[in-house]
Structure formats: structure tokens, C-alpha cells
Amino acid sequence: MSLQPETFKSLVKVAAEQVISCAPELTSLDQAIGDGDHGINMKRGFEAVLGKLDTISAQPLDEALKTIGKTLVMTVGGASGPLYGSFFLAAGEALSHDKHLPDDLADVFGSGVNAVSARGRSQAGEKTMLDVLVPVLETLKTAAGQPDLIERVRITATEAVARTAPMQATKGRASFLGPRSVGHVDPGARSSCVLVQAVCARLEEQQ
Amino acid sequence: MNDTVGIVIVSHSKDIAKGTADMVRQMVGSEVKVAFCGGNPDGGLGTSVPSIIDAINDAWSAKGVAILVDLGGAETNSEMAVEMLEPVRRDLVVVCNAPIVEGAVMAATEAAGGSSLAQVRAVAEELSAD
């Protein structure tokens, strides 16, 4: 399977639409342990991405990912704008430096994850989006080339987001709550899961 | 004319950013360029990269710009804004690890005396030292 421009366009479209339709859920998760704007912010950012979909999908893949990243940085706001923006900017940067899809998927995704970690000065285990992105990266590495890779990634994301509920936050606004952050799914982990699941579901339909 | 380091104030609340800027102007005078921004693109609480870039441009000085922020998102967005500047400007902008109100006043006071960006930052960050 190689990533055709039409496939890429449909992946971006379905991922953006899923995030937009999950905005109320993301906002309600963020009202529990954050400042309550994650859904609104993500919706604003991904609506901007949808608005540029034709431009984005006409670009080479590395440029397209960078355009998505820059669009998110400039429109999402909050801390999630720079975090998601950095993910796509770094993934695009990796592709422009001799990395190719699908062969280097784990490397490209890993570049994005490292950028999020650096931007947020955070690691997995602190109740953030990295608690979904890091396990997904591990699955991309360990199950690379397996016929059920996509299904494994989807399951990894679903299980990972649930594991954020019992965690106590040590980064971001939720960390202000200390022990009171326990018992709630992290909104950033949830939005990452929504994006990963949307891409996986679309790829599974195509198989 | 002697250039002085510019000051940018980034708060989640536009009122806090504006109030801090007013306080700086009143206490330090008008020789230091002070710009501020706050709020998300919908007019609610938050910070946004484009408005931070605009504020950096408004406060621009050949000696550089020191940014004072309130909470984590303001810091993350400010760092992102700095990285999106042209490479020649990037090294002339710093995000200070300092309390926003006291930091802005101290930084502007230091800047008014013609100090370098590093000196301005150091004075602001002393407020966070143990």
C-alpha cells in the first residue's frame, strides 16, 4: 500500500470531520480537568484545515503536512495549537529529509511525537496527548509490516486513552488539580485518539 | 535615538495583558516599546500565535524583545511564535521565566536604561529565583 494523493486527502478530511464532530465531548472532558476550550479550539483549527483541503492535497506530502501544522498553530490557540502544529510540522520535516511513506511511517510519526514532547517539555505518563501518541508509536514500530498493523494501532489508541483516566496529571492545566485530576480521561489524549482512529478506520475501509 | 529592548506581555486575559501594559507605561514611561495581547481568536480567554507575532512586531527593537507570559499555554504559544519569526529575528526574542506583572515592570525598567536583552531577561528572571 502506498499513500496516493486521493487517499491522503480523504484521510485528512475524515480526521478533521471526526475531530469537529467530537468537539462537544472534548470540551466536556476539558471542563472536568482543564479550561474547557479544547473542543472549541480543535474545531476552529480543523475547520481551517478543511477550508484549505484542496490546497493541502495538491501539495507534495511533506509540504502538505507542514501546511496542516502551520494552519493548526495559527488557528487552534491554547496549548494544543503549538502541540498538534509541532507534530505535523516535524512529520513534514522528516518526509522532506529522505523519509518515505509507508516504509518510514514509524520514523515519520516518531519525529512528530518527539516534537510534541519537546514543545510541551513532557513525557508519556503525565496524562497528556503523549499517553496516546507514544503507545501508538510503539505499535507502529513493533507491528511494522504485519497485516493487522492498522487494527493493532486502532486498538492501541483506544486502550491508551482509557489508561489516562486513573493517571494524576503532572503537566498542563490539569496538573493544577493534583489528585482531583484522577478519574477523568485526558482531553488531549482523547483528541489524539480520535485522529488516530479516524485515519485507521478510513484505511481499513480501503483494504 | 538609543534603542531599548521591547517588551511583550502575553496573558490568557486581554484585560490582564492591557492592565499590565498600562502599569508598565505608568511606572517606566514611554521610552520602552510595550505591546500586549491576550484572548483566543473567538474573543474568549486564551492565547494565539498570530496575535503574539503581531505584538512582537509592534514592540520590535534592534536590541530585541522580551516576552512575559502568565500560564503554560501562553508560554507554549509564545515559544511557537518566536520559532515562526524570520531566522534573523528569532535569536533576538526571549520568553522570560518570570511572574507576568512584576517581570514586565522589572524588565521594562532595566530596558529603559539601555540594557542588553540578556540583562533585561536576567533581571526579570531573578524574580523566579529561589
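This text goes with the structure placed above it.
Residues numbered from 1 in each chain as written. Chains lettered and ligands numbered in written order. Predicted model: local features only at pLDDT ≥ 70, side-chain atom pairs only at ≥ 80, totals over all residues. Heavy atoms only, no water.

Quick word on the pattern of salt bridges
Residue and element names in this part refer to chain A.
Okay, step 1: Taken as a whole, this structure holds 19 salt bridges over all chains when the rule is applied.
Okay, step 2: The partner of Glu47 in a salt bridge is Lys43, and the shortest N-O contact between them spans 3.1 Å. Of this pair, Glu47 and Lys43 both sit in helix H3 (residues 38-51), four residues apart, which is roughly one turn of the helix.
Okay, step 3: On the accessibility criterion, Glu47 (38% relative accessible area) is partly exposed. (Salt bridge = Lys/Arg side-chain N within 4 Å of Asp/Glu carboxyl O. Helix = DSSP H or I, 4+ residues; strand = E, 2+ residues; numbered from the N terminus. Buried < 20%, exposed > 50% of the residue type's maximum accessible area, 1.4 Å probe, protein only.)

Some remarks on the side chain of A:Arg190
All names here are of chain A.
Okay, step 1: Relative to the elements of secondary structure, Arg190 occurs in helix H10 (residues 187-206).
Okay, step 2: Look at Arg190 and you get buried, because its relative accessible area is 18%.
Okay, step 3: Those residues in contact with Arg190 that sit more than four places away from it in its chain are Glu25, Leu26, Leu29, Val161, Val185 and Gln197. (Contact = heavy atoms within 4.5 Å.)

Things to note about the packing of aromatic side chains
Residues and elements named next belong to chain A.
Okay, step 1: One pass over the full model with this rule turns up two aromatic pairs over all chains.
Okay, step 2: Judged by centre distance (5.3 Å) and plane angle (80 degrees), the rings of Phe87 and Phe88 are edge-to-face. With respect to burial, Phe87 and Phe88 carry one shared label: buried.
Okay, step 3: A centroid spacing of 5.1 Å and a plane angle of 75 degrees characterise the contact between Phe87 and Phe109, whose relative ring orientation is edge-to-face. (Phe/Tyr/Trp six-rings, centres within 6.5 Å; stacked < 30°, edge-to-face > 60°.)

Concerning the interface of chain B and chain A
Okay, step 1: Counting residues at the interface gives 18 residues for chain B and 18 residues for chain A.
Okay, step 2: With both sides pooled, the region where chain B packs onto chain A buries about 1400 Å², and carbon together with sulfur makes up 57% of that total.
Okay, step 3: On the chain B side of the interface with chain A, the three residues burying the most area are B:Thr76, B:Met80 and B:Met84, jointly 32% of the side's total.
Okay, step 4: Across the salt bridge formed by B:Glu79 and A:Arg121, the nearest N and O atoms sit 3.1 Å from each other.
Okay, step 5: Secondary structure elements with two or more residues in the side of chain B that touches chain A: helix H2 (49-58) and helix H3 (72-83) of chain B.
Okay, step 6: Looking at the side of chain B that touches chain A, its residues break down into eight nonpolar, six polar and four charged. (Buried area = accessible area lost by both parts, 1.4 Å probe. Nonpolar A, V, L, I, M, F, W, Y, C, P; charged D, E, K, R; others polar.)

Observations concerning the sheet that holds strand E1 (residues 6-11) of chain B
All names here are of chain B.
Okay, step 1: Here four strands make up an open sheet; going across it, the order is E2-E1-E3-E4 and the pairing parallel. Each edge of the open sheet is held by one strand with a lone partner, namely strand E2 (34-38) and strand E4 (93-96). Across this sheet, the average inter-strand angle for adjacent strands is 20 degrees, counted without regard to direction.
Okay, step 2: Looking at chain direction, E1 and strand E3 (residues 65-69) are connected through five bridges and run parallel. The residue of E3 that forms the bridge with Val10 is Val69.
Okay, step 3: Sheet contacts for helix H1 (residues 14-28): E1 and E2; angle to E2, the most-contacted strand, approximately 165 degrees. (Pairing = 2+ DSSP bridges. Axes fitted to C-alpha atoms, helices over the stretch in contact; angles between N-to-C directions.)

Topic: the environment of A:Met74
Okay, step 1: Summarising the element assignment, A:Met74 is placed in helix H5 (residues 61-75).
Okay, step 2: Put simply, A:Met74 and A:Gly45 are 29 residues apart on the chain and 8.0 Å apart in space, counted from C-alpha to C-alpha.
Okay, step 3: Sequence-distant contacts of A:Met74, that is, excluding residues within four places in its chain, are made with B:Val49, B:Pro50, B:Ile53 and B:Met84.

Regarding helix H2 (residues 23-33) of chain A
Residues and elements named next belong to chain A.
Okay, step 1: Among the residues of H2, Ala23, Leu26, Thr27, Leu29, Asp30 and Ile33 are the ones counted as buried. Buried residues of H2, viewed axially, fall in a sector of 160 degrees; they line one side. When the buried face of H2 is taken as reference, the exposed residues oriented beyond 90 degrees from it are Pro24 and Gln31.
Okay, step 2: Here the buried face of H2 lies against helix H1 (5-21), H3 and H10. (Arc of directions from axis to C-beta.)

As for helix H8 (residues 130-142) of chain A
Residues and elements named next belong to chain A.
Okay, step 1: Its 13 residues place the ends of H8 18 Å apart at the C-alpha level, agreeing with the 18 Å of an ideal helix rising 1.5 Å per residue.
Okay, step 2: Buried within H8 we find Leu130, Asp131, Val132, Leu133, Pro135, Val136, Leu137, Thr139 and Leu140.
Okay, step 3: Residues of H8 that are buried sit in contact with helix H6 (80-95), helix H7 (105-120), helix H9 (149-163) and H10. (Expected span 1.5 Å × (residues − 1).)

As for the packing of H2(B) against H3(B)
All names here are of chain B.
Okay, step 1: Look at H2 against H3: their axes get within 9 Å of each other, and the N-to-C directions meet at 60 degrees. Of the two possible hands of crossing, H2 and H3 adopt the one that is right-handed. Here H2 contributes Val49, Ile52, Ile53 and Ile56 to the contact with H3, which in turn contributes Ala74, Asn77, Ser78, Met80, Ala81 and Val82.
Okay, step 2: Taken together, the residues that form the contact of H2 with H3 break down as eight nonpolar, two polar and no charged. (Left-handed = near helix turned anticlockwise from the far one by under 90°.)

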